[in-house]
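One letter stands for each residue in the lines below.
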Amino acid sequence: MRVFLTGANGFIGGAVAVALVAAGHRVRGLVRDKAKAEMVTAYGVEAVIGTLDNAALLQAEARVADAVVNAASSDHRGAVDALITAMSGSGKSFIHSSGISIVADLAMGEPSERIYYEATPVEPLAERAARVAIDRLVLAAPGIRSIVLCNAMVYGHALGPPAESVQIPALVRQAKASGVVRYVGRGLNRWSNVHIADVAAIYVLALTKARASTFGEEALGEIARAIAARLDLGAAQSWSAEEAIAAWGRNLAALSLGSNSRVRGRAAIELGWSPTQRSVTHWIANEIV
């Protein structure tokens, strides 16, 4: 299958590209410049130099591809509009990458018992309303086999070109810089999490079968304590909401490291997806450097 993939040098996009190539697909990957083009070419990807703002390029690639995977941005409405326009009525598969921060709360370290399933109605915070609108636009696109994958807290080392995820690297950088690992409030908030290899596997399955997602889960305080133990930095310590926002910014502190985002998926199991990595704290204890 000929697959056009955006974000080919990113943490998720790079891993998906490698997995698709390994599965026998021909992948053309969007990258920003020549240097990144050389990086993805080394992994068997045919580089396409451009940006999400180049609608004509996106549409040209989408028209000649058998399927499209958007792994570059969850929030670029223009790129999604362009791809849908090019694919409308074709019956082709379009996988759009979203994220489970669409169900995040403003707990700032406090726990929540709420768990979201595929059919659970989503009422996002104002900061994620535009993202949810894009997700719904993709799912309603006419004549397209649309799939929205909501990625959780993704962890692991890059499987493609050098790249990293968001949450855990942010915690590690702050810890190394200050000598103290921090978590927000009481650190009892929980996020579902999934290893990057398992993320790549579900994209490959979803491309030919259906949509899906299911994840492990951990409290952010426990993740912080695992980082502290791995880096031998002493006990992890709490930050108030104000301190966390000042250090990490509101988006990372409130909508990610301080929030709850707990999801469960049943459709992935029906696809035959069987995650091989289920413990983010085990991964931290053995692989973070």
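Before any of the text, the structure's been laid out above.
Note that this is a predicted model, so its numbers are computed, not measured.

Caption draft 1: The side chain of Asn151, seen in detail. With respect to the helices and strands, Asn151 occurs in strand E6 (residues 145-151). Leaving out residues up to four positions away in the same chain, Asn151 has contacts with Ile12, Ser97, Ser98, Gly99, Ile100, Val199 and Tyr203.

Caption draft 2: Region of the structure containing the pairing of strand E4 (residues 67-70). Across the two faces of E4 the burial is the same, with Ala67 and Val69 and Val68 and Asn70 all buried. Where strand E1 (residues 2-6) meets E4, four bridges bridge the pair, whose relative direction is parallel. Note on E4: the bridge partner recorded for Val3 is Ala67. Taken together, the four bridges between E4 and strand E5 (residues 93-99) define a ladder with parallel strand orientation. Looking across to E5, one finds that Val69 is bridged to Ile95. Each parallel crossover has a hand, and the one from E4 via helix H4 (residues 77-87) to E5 is right-handed.

Caption draft 3: Examining the pattern of salt bridges more closely. For the coordinates displayed, the defined rule picks out eleven salt bridges. Where Glu61 meets Arg28, a salt bridge forms, and the shortest distance between an N and an O atom there is 2.8 Å. Highlighted residues: Glu61 in helix H3 (residues 55-64) and Arg28 in strand E2 (residues 26-31), separated in sequence by 33 residues. Accessibility expressed as a relative area gives 9% for Glu61, which makes it buried. On the basis of relative accessible area, Arg28 is assigned to the partly exposed category, the value being 26%.

Caption draft 4: Inspection of the packing of aromatic side chains at higher detail. Scanning the entire structure with this criterion turns up two aromatic pairs. Plain terms: the ring middles of Tyr155 and Trp283 are 5.6 Å apart, the flat faces sit at 55 degrees to each other, and that makes the pair tilted. Residue Tyr155 is found in strand E7 (residues 153-155), and its partner Trp283 is found in helix H12 (residues 280-287); the two are separated by 128 residues along the sequence. Note on accessibility: Tyr155 and Trp283 belong to one class, buried. Ring centres 5.1 Å apart and planes at 75 degrees place the aromatic pair Trp239 and Trp248 in the edge-to-face group.

Caption draft 5: Examining the side chain of Thr6 more closely. Position of Thr6 among the secondary structure elements: in strand E1. Judged by its relative accessible area of 0%, Thr6 falls in the buried class. Separated by 2.6 Å, the side chains of Thr6 and Asn70 make a polar contact. At 3.3 Å, the side chain of Thr6 forms a polar contact with the backbone nitrogen of Ala72.

Caption draft 6: Local environment of the pairing of strand E9 (residues 190-195). By the criterion of burial, E9 is predominantly enclosed, with five of the six residues buried. In the sheet, E7 pairs with E9 via three bridges, with the strands oriented parallel. Along E9, the bridge assignment pairs Tyr155 with His195.

Caption draft 7: Fine view of the sheet that holds E1. Pairing is parallel in the open sheet, where six strands are placed in the order E3-E2-E1-E4-E5-E6. The strands lining the two open edges of the sheet, one partner per strand, are strand E3 (46-49) and E6. Shown here is a sheet whose adjacent strand axes are inclined to one another by a mean of 20 degrees, direction ignored. Sheet topology places E5 next to E6; seven bridges connect them, and they run parallel. Considered in E6, the bridge of Ser98 is made with Cys150. Here H3 sits on the sheet and contacts E1, E2, E3 and E4; the angle it forms with E1, its principal contact strand, is near 155 degrees. In the packing of H4 onto the sheet, contacts are made with E1, E4 and E5, and the angle to E5 comes to roughly 160 degrees.

What counts, and where the lines are drawn
- Residues numbered from 1 in each chain as written.
- Predicted model: local features only at pLDDT ≥ 70, side-chain atom pairs only at ≥ 80, totals over all residues.
- Heavy atoms only, no water.
- Helix = DSSP H or I, 4+ residues; strand = E, 2+ residues; numbered from the N terminus.
- Contact = heavy atoms within 4.5 Å.
- Buried < 20%, exposed > 50% of the residue type's maximum accessible area, 1.4 Å probe, protein only.
- Pairing = 2+ DSSP bridges.
- Right-handed = clockwise from strand over helix to strand, strands pointing away.
- Salt bridge = Lys/Arg side-chain N within 4 Å of Asp/Glu carboxyl O.
- Phe/Tyr/Trp six-rings, centres within 6.5 Å; stacked < 30°, edge-to-face > 60°.
- Polar contact = N/O pair within 3.5 Å; in protein donor to acceptor, adjacent residues only side chain to side chain.
- Axes fitted to C-alpha atoms, helices over the stretch in contact; angles between N-to-C directions.

By themselves these figures say nothing about function.
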